[in-house]
Amino acid sequence: MSLPKLPAIRELVKLFGLSAKSQLGQNFILDKNITDKIVRTASLAADTPLVVEVGPGPGLLTRSILDTPVPNVVVIEKDPRFQPTLTQLAEATQHRVKVLQGDALRTPHAAILEKAGMDLTTARDLPIPSVHIMGNLPFNIATPLLLQWLHMIPEAQGLFGVSNKGAIMTLMFQKEVGDRMAAPVSSHERGRLAVMTQSVCDVEKVYKVPSTVFVPKPKVDASVIQMTPKKVKLLDDAATYKTLENLLRFYFTKKRKTVGHITKRLIKEVGSEHQESVAALEDILDFQARPSDIDTPAYCQAAKHLHHHGIFIP
Ligand code: SAM
């Protein structure tokens, strides 16, 4: 499905006077080799039910997505200055791409699906290939957006519930954020973000993208990270995910102490009726280790144990 001839992105940027707005995290990629490479990572195909791109800007990554046979693309862009170029792209593709103007953090997934011509109640859990979420994310909303999506995965909400395989995310983050998301056990970068991401997804650092690729050039390099919802779940529901989040906050704010020491403090903070159950965490977590040495399945098991005993972590 080749695209009709369109003005080059560099020309469009010049034509519409689209200077980058730093408050919207605008660092554009104007080299199609790079956007093609990102899209190849996602292995999009004619039976991919939907691709959602966050922050298309002038639309070069969108063009790379549209060079694949994927039939249905929804883009969400906050900056109204890109409407003319994105509308042109929608018209040139007979609306294979649909444009939603707004804040991705506040756009309900039902609205994205409606734009795509899909209804969540009928589309839910279909035995079809995964939906894809893609984007060169604006650095200022990348982490909040990721956390919002991670919360939705345990109960397969929104885009994560369309296919029974969930939604695969192929996203550009600042390198330091990507390193924290993919951090292995006992590494320097290991913290809450690693465990929360890895509790619901398999995380792969696909490749590093040097800052020189972006216009304007940001201060730091970036990484493309791919996240695939886990086939075998470590957590059963959103409530247990919330317990995990609280547990990690409690343990990682004292990350230099041993897990045993931190657990003793937790015992003091929960009601007396729960103290024995919290002490039983010793069967799950290595009390001699530091928080960054505990693996993700053990943290998930600890969260399930606490949730099962109705323990709320302050
Ligand atoms: N995809 C383009 C590229 O790779 O060249 C632009 C990427 S730029 C890093 C981030 C884009 O996200 C910008 O177009 C910016 O306007 C848009 N954006 C910023 N905040 C947003 C938000 N809350 N919701 C949707 N889009 C947003």
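This one's a predicted model, so the numbers in the text were calculated from it and none came from an experiment. (Residues numbered from 1 in each chain as written. Predicted model: local features only at pLDDT ≥ 70, side-chain atom pairs only at ≥ 80, totals over all residues. Heavy atoms only, no water.)

**Student:** I'm lost on the packing of aromatic side chains in this one. Help?
**Tutor:** The geometry of an aromatic ring pair is captured by the separation of the ring centres together with the interplanar angle, meaning the angle of the planes. Across all of its chains, the model carries three aromatic pairs by this definition. Taking 5.7 Å as the distance between ring centres and 85 degrees as the angle between the ring planes, the aromatic pair formed by Phe 28 and Phe 82 counts as edge-to-face. Linking Phe 28 in strand 1 (residues 28-29) with Phe 82 in the loop between strand 3 (73-77) and helix 4 (83-92), this pair joins segments that are 54 residues apart in sequence. The buried category is assigned to Phe 82, whose relative accessible area is 1%. One residue, Lys 37, lies across the ring of Tyr 207, its end atom 4.4 Å from the ring centre. Across from the ring centre of Phe 82, 5.8 Å away, lies the NZ or CZ of Arg 81, which sits over that ring. (Phe/Tyr/Trp six-rings, centres within 6.5 Å; stacked < 30°, edge-to-face > 60°. Helix = DSSP H or I, 4+ residues; strand = E, 2+ residues; numbered from the N terminus. Buried < 20%, exposed > 50% of the residue type's maximum accessible area, 1.4 Å probe, protein only. Lys NZ or Arg CZ within 6 Å of the ring centre and 35° of its normal.)

**Student:** I keep staring at the UniProt feature "binding site: S-adenosyl-L-methionine" (unreviewed entry) in the chain and nothing clicks. Help me out?
**Tutor:** The positions UniProt marks with the feature "binding site: S-adenosyl-L-methionine" (unreviewed entry) are Asn 27, Ile 29, Gly 55, Glu 77, Asp 103 and Asn 136. As for the lining of the largest pocket, the annotated residues named previously contribute Asn 27, Ile 29, Gly 55, Glu 77, Asp 103 and Asn 136. Here Glu 77 shows up in strand 3. Here Glu 77 is in contact with Gly 55, Pro 56, Gly 57, Phe 82, Leu 86, Leu 100, Gln 101 and Gly 102, once residues within four sequence places are set aside. At 2.8 Å, the side chain of Glu 77 forms a polar contact with the backbone nitrogen of Gly 57. What Asn 136 contacts, discounting residues up to four positions off in sequence, is Asn 27, Ile 29, Val 54, Gly 55, Leu 61, Met 172 and Phe 214. A distance of 3.3 Å separates a polar side-chain atom of Asn 136 from the backbone oxygen of Asn 27. (UniProt positions renumbered as here; feature names shortened; annotations may be inferred. 1 Å grid on protein atoms, 1.4 Å probe; cavity = no way out; pocket = protein on both sides within 12 Å on 5 of 7 lines; lining within 4 Å. Contact = heavy atoms within 4.5 Å. Polar contact = N/O pair within 3.5 Å; in protein donor to acceptor, adjacent residues only side chain to side chain.)

**Student:** Please clarify how empty space enclosed by the protein should be interpreted in this entry.
**Tutor:** Empty space among the atoms can be located by rolling a probe the size of a water molecule over them. Scanning the entire structure with this criterion turns up one cavity of 30 Å³ or more. One number sums up the size of the largest cavity: a volume of about 60 Å³. Every residue lining the largest cavity is listed: Val 52, Val 54, Ile 76, Ala 104, Thr 107, His 109, Ile 112, Ile 133, Leu 145, Gln 148, Trp 149 and Leu 159. Going through the elements one at a time, strand 2 (51-54), helix 5 (109-115) and helix 7 (139-152) are the ones with two or more residues in the lining of the largest cavity. Of the residues assigned to the lining of the largest cavity, the class counts are nine nonpolar, three polar and no charged. (Points joined across faces, edges and corners; volume = space filled by probe spheres on them. Nonpolar A, V, L, I, M, F, W, Y, C, P; charged D, E, K, R; others polar.)

**Student:** Sorry, what's going on with the sheet that holds strand 7 (residues 201-209) here?
**Tutor:** Pairing between the strands of a sheet is mediated by backbone hydrogen bonds and can be parallel or antiparallel. Sheet architecture is open: seven strands sit in the order 4-3-2-5-6-9-7, paired in mixed fashion. Looking at which strands have only one partner, the edges of the open sheet turn out to be strand 4 (97-101) and strand 7. Across the sheet, the mean angle from the axis of one strand to that of its neighbour is 20 degrees, orientation sign disregarded. In this sheet, strand 3 lies alongside strand 2 in parallel orientation, the contact comprising four bridges. (Pairing = 2+ DSSP bridges. Axes fitted to C-alpha atoms, helices over the stretch in contact; angles between N-to-C directions.)

**Student:** Whenever I open this one, the environment of Ala 8 confuses me. Can you help?
**Tutor:** Note that Ala 8 resides in the segment before helix 1 (9-15). Measuring from C-alpha to C-alpha, the distance between Ala 8 and Leu 60 comes to 9.0 Å, with 52 residues separating the pair along the chain.

**Student:** Is there a simple way to think about the nonpolar core in this case?
**Tutor:** Note on soluble globular proteins: their nonpolar side chains tend to be buried together. Formed by 66 residues in total, the largest nonpolar core has its most connected members in Phe 173, Tyr 251, Leu 281, Leu 285 and Tyr 299. Composition of this core by domain shows at least three residues from each of domain 1 (9-229) and domain 2 (238-308). Core analysis: the next-biggest nonpolar cluster, separate from the first, contains 31 residues, Phe 28, Ile 29, Leu 89 and Met 134 among them. (Core = buried A, V, L, I, M, F, W, Y, C linked by side-chain atoms within 4.5 Å. Domains from an automatic or database assignment.)

**Student:** Explanation requested: a positive patch on the surface in the structure shown.
**Tutor:** A cluster of basic residues, Lys 257, Lys 264, Arg 265 and Lys 268, forms a positive patch on the protein surface. Summarising the element assignment, Arg 265 is placed in helix 11 (residues 259-269). (Patch = residues over 30% accessible without salt bridge, like charges linked within 9 Å, V, L, I, M, F, W, Y side chains within 5 Å. Areas by Shrake-Rupley, 256 points an atom, 1.4 Å probe, with all protein chains shown as cover. Salt bridge = Lys/Arg side-chain N within 4 Å of Asp/Glu carboxyl O. Lys, Arg positive; Asp, Glu negative; His and termini not counted. Charge placed at Lys NZ, Arg CZ, Asp CG, Glu CD.)

**Student:** Any chance you could explain the pairing of strand 6 (residues 167-174) here in plain terms?
**Tutor:** Here is the key point about a regular strand: its side chains alternate between the two faces of the sheet. Of all eight residues in strand 6, seven are buried, a share of seventy percent or more. Across six bridges, the pairing between strand 5 (residues 131-136) and strand 6 is parallel. Note on strand 6: the bridge partner recorded for Val 131 is Ala 167. This β-α-β element, strand 5 to helix 7 to strand 6, shows right-handed connectivity. (Right-handed = clockwise from strand over helix to strand, strands pointing away.)

**Student:** Would you take a moment to explain the UniProt feature "domain: Ribosomal RNA adenine methylase transferase N-terminal" (unreviewed entry) in the chain for this structure?
**Tutor:** Here, the residues flagged by UniProt with the feature "domain: Ribosomal RNA adenine methylase transferase N-terminal" (unreviewed entry) are residues 34-231. Between the end C-alpha atoms of residues 34-231 the distance is 30 Å, and the span holds 34% helix and 24% strand.

**Student:** Would you explain the site of the ligand in this entry?
**Tutor:** Close contacts around the ligand come from 21 residues, with Gln 26, Ile 29, Gly 55, Glu 77 and Asp 103 the closest. Ile 29 places a polar main-chain atom, nitrogen or oxygen, 2.8 Å from an oxygen atom of the ligand. Take Gly 55: an N or O atom from its main chain is 2.8 Å from a nitrogen atom of the ligand. Summarising the interface, the protein chains cover 99% of the accessible area of the ligand, which totals 590 Å² for the free molecule. Counting atoms within 2 Å of the grid points, the majority share of the ligand lands in the largest pocket. Of all the secondary structure elements, the ones that give two or more residues to the shell around the ligand are strand 1 and strand 3. When its residues are assigned to classes, the shell around the ligand shows nine nonpolar, seven polar and five charged. (Near = heavy atom within 4 Å. Sits in = over half its atoms within 2 Å of the grid points.)

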